[in-house]
Amino acid sequence: MIATEAKATRRYIITGGPGSGKSTLIEALETQGQRCYPEVSRELIRREARRPGGVTPWNDLEAFARLAFAEMLLQHDHAAEAGERCFFDRALPDIFGYLHERGHGIPESWLDAHSRCRYERTVFILPPWPEIYINDAERPQSLAEAKALHDAIRAVYESLGYELIEVPKLPVEARCEFVLGRLCG
């Protein structure tokens, strides 16, 4: 059964630093009929910010990373049940990039869990794009901080053996076309 699931489910990751257009691209892919999973972190930040004593990346990155890791594993497993091609707005290695950029280690058990995940080796990375970068309640980072996170995320994906394909700075429809035109199967 595992071999059949691996062939039926193709899990593609869309990554990059904050404010590079990932969520907009994911939403556009979804409107084109693709199965997509939204960014876990943004929803967690919204939820936790409403809770007294809630955990955010700015007040406790390690605790927030634990929450995001668990949610991303659930997304990964849900995709297996769906049994079709899908796209993720960030994935487990993004958490590793955030932790690494802030000088935190990555728990060995998380690396083990990641090694069992079946993401496609081809990952689409969106470069920093100053012209579209904006801050909001879930994205307080400066553009310089967003660029540093992009670099840390890129380094983590490369260290884990992923093939990164940079998505050009184009209108969202052209970005969709670019991504869909480079899929394996």
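This text goes with the structure placed above it.
Notes on the structure follow. (Residues numbered from 1 in each chain as written. Predicted model: local features only at pLDDT ≥ 70, side-chain atom pairs only at ≥ 80, totals over all residues. Heavy atoms only, no water.)

## Describing the packing of helix 3 (residues 40-50) against helix 4 (residues 61-82)
The N-to-C vectors of helix 3 and helix 4 enclose an angle of 130°; their axes lie 10 Å apart at closest approach. Relative to helix 4, the element helix 3 is oriented oblique. Once helix 3 is placed against helix 4, the crossing between them reads as right-handed. Here helix 3 contributes Val40, Ser41, Leu44, Ile45, Arg47 and Glu48 to the contact with helix 4, which in turn contributes Phe64, Leu67, Ala68, Glu71, Met72 and Gln75. By residue class, the composition of the contact of helix 3 with helix 4 is seven nonpolar, two polar and three charged. (Axes fitted to C-alpha atoms, helices over the stretch in contact; angles between N-to-C directions. Helix = DSSP H or I, 4+ residues; strand = E, 2+ residues; numbered from the N terminus. Parallel < 35°, antiparallel > 145°, perpendicular 65-115°, else oblique. Left-handed = near helix turned anticlockwise from the far one by under 90°. Contact = heavy atoms within 4.5 Å. Nonpolar A, V, L, I, M, F, W, Y, C, P; charged D, E, K, R; others polar.)

## Let's talk about the packing of helix 5 (residues 92-101) against helix 7 (residues 143-159)
It is the contact of helix 5 with helix 7, at a shortest axis distance of 8 Å, that shows an interaxial angle of 125°. Judged by the inter-axis angle, helix 5 sits oblique to helix 7. The two elements helix 5 and helix 7 meet at a crossing, and its hand is right-handed. Contact with helix 5, carried on its side by Pro93, Asp94, Phe96, Gly97, Tyr98, His100 and Glu101, involves Ala148, Leu149, Ala152, Ile153, Val156 and Tyr157 of helix 7 and no other residues of that element. In the contact of helix 5 with helix 7, the residues fall into nine nonpolar, two polar and two charged.

## A word on the sheet that holds strand 3 (residues 86-89)
Strand order in this open sheet of five strands is 2-3-1-4-5, and the pairing throughout is parallel. At either margin of the open sheet sits one strand with a lone partner, and together these are strand 2 (35-37) and strand 5 (163-166). Across this sheet, the average inter-strand angle for adjacent strands is 25°, counted without regard to direction. Summarising the sheet, strand 4 (residues 119-126) and strand 5 pair through four bridges and their orientation is parallel. The partner of Ile125 across the bridge, within strand 5, is Glu166. In this fold helix 4 packs onto strand 1 (11-16), strand 2, strand 3 and strand 4, with an angle of close to 165° to the strand it touches most, strand 2. (Pairing = 2+ DSSP bridges.)

## As for the pattern of salt bridges
The tally for this structure, following the rule as stated, stands at ten salt bridges. Its salt-bridge partner being Glu43, residue Arg46 comes within 3.3 Å of it at the nearest N-O pair. Here Glu43 and Arg46 lie together in helix 3, a separation of three residues that amounts to about one turn. We note a salt bridge from Glu48 to Arg47, for which the minimum N-O separation is 3.2 Å. When its relative accessible area of 35% is taken as the criterion, Arg47 is described as partly exposed. (Salt bridge = Lys/Arg side-chain N within 4 Å of Asp/Glu carboxyl O. Buried < 20%, exposed > 50% of the residue type's maximum accessible area, 1.4 Å probe, protein only.)

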